[in-house]
Amino acid sequence: MWKLRLDLQFFAGEKTEKATPKKRQDSRKKGQVLKSADVTSAIVLLSVFLFLLFSAGYLRAELFSFFDVTFTKYMLIKNLSIDTAVEIYKELLIEMAKVLLPIMGVAVVAAIAANFFQFGLLFTTEPLKFDLKKIDPIKGLKRMFSIKAIIELLKSILKISFIGSVTTLILWMNLEKVLSLSFKTAWDTLSTVGWLTGMMGIAASCVLLFISVLDFFYQRFDYEKNLKMSKQDIKDEHKNSDGDPIIKSRIRQRQREMAMRRMMQEIPSADVVITNPTHFAIALKYDDESMDAPTVVAKGADFVAQKIKLIAKEHDVVMVENRPLARAMYDQVEIGQRIPDEFFKAVAEVLAYVYRIKQKI
C-alpha cells in the first residue's frame, strides 16, 4: 500500500497534461513563445538576396555615383578645413545611406514579418530582466551537455553540410565561367562574381528555409513539452483562479451574516409579521405614498423565523397567524420584492386587521 501511494504521488507530479489557456497566456507574457530562430534567419537572408538580385541596377548606379563623386570632387580639394571635412562626411553618409538603408530596411521588415507569422504581435520586457539563474555556471554546464545542445549541434552540422554542398554544386555547374574570369575584363568579372554570389545566396537561403521548417516542427514539439502540466499544477491553477474554497466559503458566510443583519434591522419598521406560526415568518411593510404594493422586508424559516418574531415582539410589531399565506409567500416572494397580485386580497385583509388594532391602541 505504501509503495502504491508513492507511485500515485509520482504520477500526480509528472507533467503529462496539455497546458491550459491560462498557462499559455502566462508563458506568452514572459516572452516564452513558439519560435524558430532559423525561420527568421532564412526569411531575412532570402529577402535580402532577392532584393539584391532585383535592385542590382539601382545599387550599381548609387555605388558608381558614390565613387565618382569621391574621386572627381573630393580628391581634388586643395585647402581642406574642418568645415569642409564635416560637409564631405555628411555627403558621404547620405550617399552610403542610399545604398545601405534599403538593404537594412528589407532585413528589418523581413525579420518582423517572420516573427509575426510565428507568434503574432508581442512586446514584453520580461526576457530583458536581470536574472542570476541565467549566469549560473552549473546550469550553464548542464545546458552545454544537454539533449537540446546536442540537437542544436546536429542542426548546425546539417546546415553547414547542406549549404556547403549547394554552393559547391552551383560553382561546379558554372566552373567554366569561373575559370574564364582571368581572361575577362574587370567589368565582366565583377558581373559574373556578383551573379554567382546572388545565386549561391538564394540557394543557401532556400536550403536554410527548408531546414528551418523542420526546426519549427521540432521547436513546436519542444515548446508543447515544456508547457505540459501535472494534474496537481492544473488543480493549483484552478484553485488560484477561482479562489481557495475555504476562503470563498468564509466570504459567502460573511455576506450571509451581513444580509441577515440588514434584514433584522428592517423588522422594526414593518407593519405586520405573518407567521405559520412556528416554521415561517414574513415581515411586510406598506407605505401608500411611496409603494404601489406591500413589500417583504424580512422572511425566515425555523430559527430565523423565531428570531424575526422575537424582534417584532420587542418593537411592538403586530403578528398575524396565517399558515397558508405565510408558507406561499415564503416560497414565492424574495426579500425586497413587492407581493404578487395573487396575494393582494389576503394581505389587504391582514393589513386592515392590523390598522384596526393600531387604532384601538
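Residues numbered from 1 in each chain as written. Predicted model: local features only at pLDDT ≥ 70, side-chain atom pairs only at ≥ 80, totals over all residues. Heavy atoms only, no water.

1. Description of the environment of isoleucine 170
For the record, the criterion: Think of it this way: any DSSP run of H or I at least four residues long counts as a helix, any run of E at least two long counts as a strand, and we number them from the N terminus. Any residue under 20% of the maximum accessible area for its type is buried, any over 50% is exposed, and the rest in between are partly exposed; the area is computed with a 1.4 Å probe on protein chains only. Throughout, a residue-residue contact means that at least one pair of heavy atoms, one from each residue, lies within 4.5 Å.
By secondary structure assignment, the location of isoleucine 170 is in helix H7 (residues 147-173). Since its relative accessible area comes to 13%, isoleucine 170 is described here as buried. Sequence spacing of isoleucine 170 and threonine 197 is 27 residues, and the spatial spacing of their C-alpha atoms is 9.8 Å. Not counting residues up to four positions away in its chain, the partners in contact with isoleucine 170 are Met199, Met200 and Ala203.

2. Considering the UniProt feature "transmembrane region" (unreviewed entry) in the protein chain
Threshold: UniProt positions are given in the numbering used here, feature names are shortened, and annotations may be inferred rather than shown by experiment.
According to UniProt, the positions carrying the feature "transmembrane region" (unreviewed entry) are residues 39-59, 99-124, 145-173 and 193-218. Structurally, residues 39-59 is divided into 95% helix and 0% strand, and its ends, taken at the C-alpha atoms, are 27 Å apart. Taken as a whole, residues 193-218 contains 100% helix and 0% strand, while its terminal C-alpha atoms sit 37 Å from one another.

3. A word on a nonpolar patch on the surface
In plain terms, the rule: Patch membership requires over 30% relative accessible area and the absence of a salt bridge. Like charges are linked within 9 Å, and nonpolar side chains (Val, Leu, Ile, Met, Phe, Trp, Tyr) within 5 Å. In these tables, accessible area is a Shrake-Rupley quantity obtained with a 1.4 Å probe, and a residue counts as shielded only by the protein chains included in the view. By convention in these notes, a salt bridge is any Lys or Arg side-chain nitrogen within 4 Å of a carboxyl oxygen on Asp or Glu.
Residues Leu63, Phe64, Phe67, Phe71, Met75, Leu76 and Trp187 make up a contiguous nonpolar surface patch of about 770 Å² in total accessible area. Ranked by the residues each element gives to the nonpolar patch, the list is headed by helix H4 (residues 56-72), at four residues. Tracing the chain through its elements places phenylalanine 71 in helix H4. On the basis of relative accessibility, which here comes to 53%, the residue phenylalanine 71 falls in the exposed class.

4. Remarks on the side chain of serine 212
With respect to the element layout, serine 212 can be found in helix H9 (residues 186-227). For serine 212, a relative accessible area of 0% corresponds to the buried category. Filtering out sequence-adjacent residues up to four positions away, serine 212 remains in contact with Ser36, Asp38, Val39 and Ala42.

5. Some thoughts on the pattern of salt bridges
For the structure on display, the rule yields nine salt bridges. Across the pair lysine 159 and aspartate 38 runs a salt bridge, and its minimum N-O distance is 3.1 Å. Of the two residues, lysine 159 sits in helix H7 while aspartate 38 sits in helix H3 (residues 37-54), which places them 121 residues apart along the sequence. Across the salt bridge formed by glutamate 334 and lysine 299, the nearest N and O atoms sit 3.7 Å from each other. Of this pair, glutamate 334 sits in the loop between helix H13 (323-332) and helix H14 (344-360) while lysine 299 sits in strand S3 (residues 295-301), placing them 35 residues apart in sequence. In the salt-bridge network here, residues are joined through shared partners; they are Asp38, Lys155, Lys159 and Asp215.

6. Observations concerning the sheet that holds strand S1 (residues 272-275)
Rules: In this scheme, strands are said to pair when DSSP sees at least two bridges between them. Between N-to-C directions, angles span 0 to 180 degrees; the directions come from axes that are lines fitted to C-alpha atoms, helices contributing only their stretch in contact.
With mixed pairing, four strands are arranged side by side in an open sheet as S3-S2-S1-S4. The open sheet has two edge strands with one neighbour each: S3 and strand S4 (318-321). Mean inter-strand twist for the sheet, computed between neighbouring axes without regard to direction, equals 20°. As paired elements, S1 and S4 share four bridges and run parallel to each other. Directly across from threonine 275, in S4, lies its bridge partner glutamate 321. Here helix H12 (residues 303-314) sits on the sheet in contact with S1, strand S2 (280-285), S3 and S4, set at roughly 125° to S3.

7. Overview of the packing of H7 against H9
Helix packing geometry: the angle between the two helix axes and the distance between the axes. Filter applied, for reference: Comment on the angle field: the value is read as roughly parallel under 35 degrees, roughly antiparallel over 145, roughly perpendicular from 65 to 115, and oblique elsewhere. Throughout, a crossing is termed right-handed when the near helix is turned clockwise from the far one, and left-handed when it is turned anticlockwise from it by less than a right angle.
The interhelical angle for the contact between H7 and H9, taken along N-to-C directions, is 160°, at an axis separation of 9 Å. Between H7 and H9, the angle is such that the two are roughly antiparallel. Helix-helix and strand crossings are classified by hand; for H7 and H9 the assignment is right-handed. Each of Lys148, Ile151, Glu152, Lys155, Leu158, Lys159, Phe162, Ile163, Val166, Thr167, Ile170 and Leu171 in H7 lies in contact with H9, whose residues at this interface are Met199, Met200, Ala203, Ala204, Val207, Leu208, Ile211, Asp215, Tyr218, Gln219 and Asp222.

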